[in-house]
Amino acid sequence: MKFTKMQGCGNDYVYVNCFEESVQDANALAKQVSDRHFGIGSDGLILIKPSETADFTMEMYNADGSRGEMCGNAIRCVGKYVYDHGMTKKTELSIETLAGIKFLTLSAKGGKVDEVTVDMGIPAFAPEQIPVVADGERVVDEPILVGGRQYRMTAVSMGNPHAVVFVEDTKVLPMKEIGPLFEHHERFPQRVNTEFVQIVDRKNINMRVWERGSEETWACGTGACASAVAAILNGHTGEEVTVHMLGGDLRIRYDRQGSGHVYMTGPAVEVFCGEL
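Residues numbered from 1 in each chain as written. Predicted model: local features only at pLDDT ≥ 70, side-chain atom pairs only at ≥ 80, totals over all residues. Heavy atoms only, no water.

Engineer: Could you clarify how one ought to interpret the pattern of salt bridges in this entry?
Structural biologist: Any two side chains of opposite charge can pair, so long as their charged atoms come close to each other. Applying the stated criterion across every chain yields a total of 15 salt bridges. Between Arg36 and Asp43 there is a salt bridge, and its shortest N-O distance comes to 3.1 Å. The partner of Glu115 in a salt bridge is Arg251, and the shortest N-O contact between them spans 3.3 Å. Of this pair, Glu115 sits in strand β8 (residues 112-119) while Arg251 sits in strand β16 (residues 248-254), and the two are 136 residues apart along the sequence. Taking the relative accessible area as the measure of exposure, Arg251 reaches 43% and is therefore partly exposed. Within this structure, Lys5, Asp12, Arg36 and Asp43 form a network of salt bridges that share partners. (Salt bridge = Lys/Arg side-chain N within 4 Å of Asp/Glu carboxyl O. Helix = DSSP H or I, 4+ residues; strand = E, 2+ residues; numbered from the N terminus. Buried < 20%, exposed > 50% of the residue type's maximum accessible area, 1.4 Å probe, protein only.)

Engineer: Looking at this structure, I do not really get the environment of Ser51. What am I missing?
Structural biologist: Note on placement: Ser51 falls in the loop between β3 (44-49) and β4 (56-62). A sequence separation of 44 residues divides Ser51 from Ile95, and the C-alpha atoms of the two residues are 8.2 Å apart. Not counting the four nearest positions on each side in its chain, Ser51 is found in contact with Phe56, Thr57 and Glu96. Looking at Ser51, its side chain comes within polar contact range of the main-chain nitrogen of Thr53, at 3.1 Å. At 2.5 Å, the side chain of Ser51 forms a polar contact with the side chain of Glu96. (Contact = heavy atoms within 4.5 Å. Polar contact = N/O pair within 3.5 Å; in protein donor to acceptor, adjacent residues only side chain to side chain.)

Engineer: Just to check I follow, could you spell out helix α2 (residues 72-84) for this structure?
Structural biologist: Note that an α-helix has 3.6 residues per turn; residues three or four places apart therefore point the same way. Over its 13 residues, α2 extends 19 Å from the first C-alpha to the last, a length consistent with the 18 Å expected when each residue adds 1.5 Å. Burial analysis of α2 places 13 of its 13 residues in the buried class, which makes it a mostly covered element. Gly86 occupies a position one or two residues after α2 and carries a positive phi of about 75°. (Expected span 1.5 Å × (residues − 1).)

Engineer: I tried to follow the side chain of Thr170 on my own but got confused; where do I start?
Structural biologist: Positionally, Thr170 belongs in the loop between β11 (161-166) and α3 (175-183). With residues near it in sequence (within four places) discarded, Thr170 still touches Phe196, Val197, Gln198, Asn206 and Arg208.

Engineer: Explain unusual backbone geometry here, please?
Structural biologist: Keep in mind that most residues, glycine aside, have a negative phi and that most peptide bonds are trans. Of the consecutive residues Ile130 and Pro131, the connecting peptide bond is found in the cis state with omega at -15°. Within the secondary structure, Pro131 sits in the loop between β8 and β9 (142-146). Positive phi, normally seen in glycine, also occurs at Cys9, with a value near 55°. Among the structural elements, Cys9 can be located in the loop between β1 (2-8) and β2 (11-17). Residue Cys9 is classed as buried on the basis of its relative accessible area, which comes to 4%. The residue Asp141 is not glycine, and still its phi comes out positive at about 55°. Mapped onto the fold, Asp141 is located in the loop between β8 and β9. Of the residues examined, Asp141 reaches a relative accessible area of 36% and is grouped as partly exposed.

Engineer: Got a minute to help me understand the nonpolar core in this structure?
Structural biologist: Grouped burial of nonpolar side chains is what soluble globular proteins tend to show. Within the largest apolar cluster, 53 residues are counted, with the highest numbers of intra-cluster contacts made by Tyr15 and Ile252. Counting residues per element, this core draws most heavily on helix α4 (residues 221-233), which supplies 8 residues. Apart from the residues lying within four places of it in its own chain, the contact partners of Ile252 are Ala224, Cys225, Ala228, Glu239, Glu240, Val241, Val243, Val262, Tyr263 and Met264. One finds Ala155, Val165, Leu173 and Phe182 within the second-largest nonpolar core, a separate group that totals 19 residues. (Core = buried A, V, L, I, M, F, W, Y, C linked by side-chain atoms within 4.5 Å.)

Engineer: Which parts of the structure should I look at to understand the pairing of β2?
Structural biologist: A regular strand carries its side chains on alternate faces of the sheet. Summarising burial for β2: 7 of the 7 residues are buried, a large majority. Following β1, the chain reverses through 2 residues before pairing antiparallel with β2; Cys9 in that reversal takes a positive phi of roughly 55°. One ladder, built from 4 bridges, connects β2 with β3; its direction is parallel. Residue pairing for β3: Val16 is matched across the bridge by Leu47. (Pairing = 2+ DSSP bridges.)

Engineer: When you look at the packing of aromatic side chains in this model, what are you seeing that I'm missing?
Structural biologist: By convention here, two paired aromatic rings are described through the distance between centres and the angle between planes. Going through the model one piece at a time under the given rule, you end up with 4 aromatic pairs. Centre to centre, the rings of Phe19 and Phe56 are 5.8 Å apart; their planes meet at 70°, and the pair counts as edge-to-face. One end of the pair, Phe19, is in the loop between β2 and α1 (26-34); the other, Phe56, is in strand β4, with 37 residues separating them in the sequence. On the basis of relative accessible area, Phe56 is assigned to the buried category, the value being 5%. Considering the side-chain rings of Phe182 and Phe196, the 5.6 Å spacing of their centres and the 85° angle between planes classify their relative orientation as edge-to-face. Remark: Phe196 occurs in strand β12 (residues 193-201) and Phe182 occurs in helix α3; sequence separation between them is 14 residues. Assessed through its relative accessible area of 0%, Phe182 is described here as buried. By relative accessible area, which is 0% here, Phe196 ends up buried. Among the aromatic residues, those joined into a ring-pair cluster are Tyr151, Phe182 and Phe196. (Phe/Tyr/Trp six-rings, centres within 6.5 Å; stacked < 30°, edge-to-face > 60°.)

Keep in mind these numbers describe shape, not what the thing actually does.
Have a look at this one:
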């Protein structure tokens, strides 16, 4: 099986072109390829498939083999892959995901895509849409007890569940301790991605993320969107935010007063190709 390793801000996945390859057990394959000692090494597996309702379909699997609804960094790389590999000549693309159809704008230089803007859609705040166990119509700056300590979270869905927690300093977090406690907390029936966010100023935030099914990753596109939206809802920033992560930066714009959509712009990089 031929594969391509790609990354967006260090959030790396193994990509398989299912126009040419056949994958029988994607859950098992995701675990195999993601292993950084005995496999290729990645945060998960991405399958690029045909679609009856969009230009292409993206299937996402986490490192533990579980199916994910959406990944912002991965979908940018899908846009780069299909353009760079001659599967389309369009620079405006629609990609089908479990979180709905997403729309991409590709920026190409020298015949290769280097940056992609994704219309990530309208964030959801209703507890049942995230899902999160809560009273009321939204979970904004709400207390949550995790590991004997009280935090304050804002819950957002970008097609997948996010809990955004504001902290003083992202550099000193014991991620391996608190990450799993948030992920498997009883208030999140489908587990949750947790973003720990430090406010730098009105236009910049630092973020570290514990991803559901993949542990801490170097970046998370949907998490960056959720973090920016949460920062705006809590009055910490304006509506255009640069999110600084371990693997790089993403520019997020929340058109709160207009369409209500969130737009994410960032890099997409092909690392290497191989055969498994």
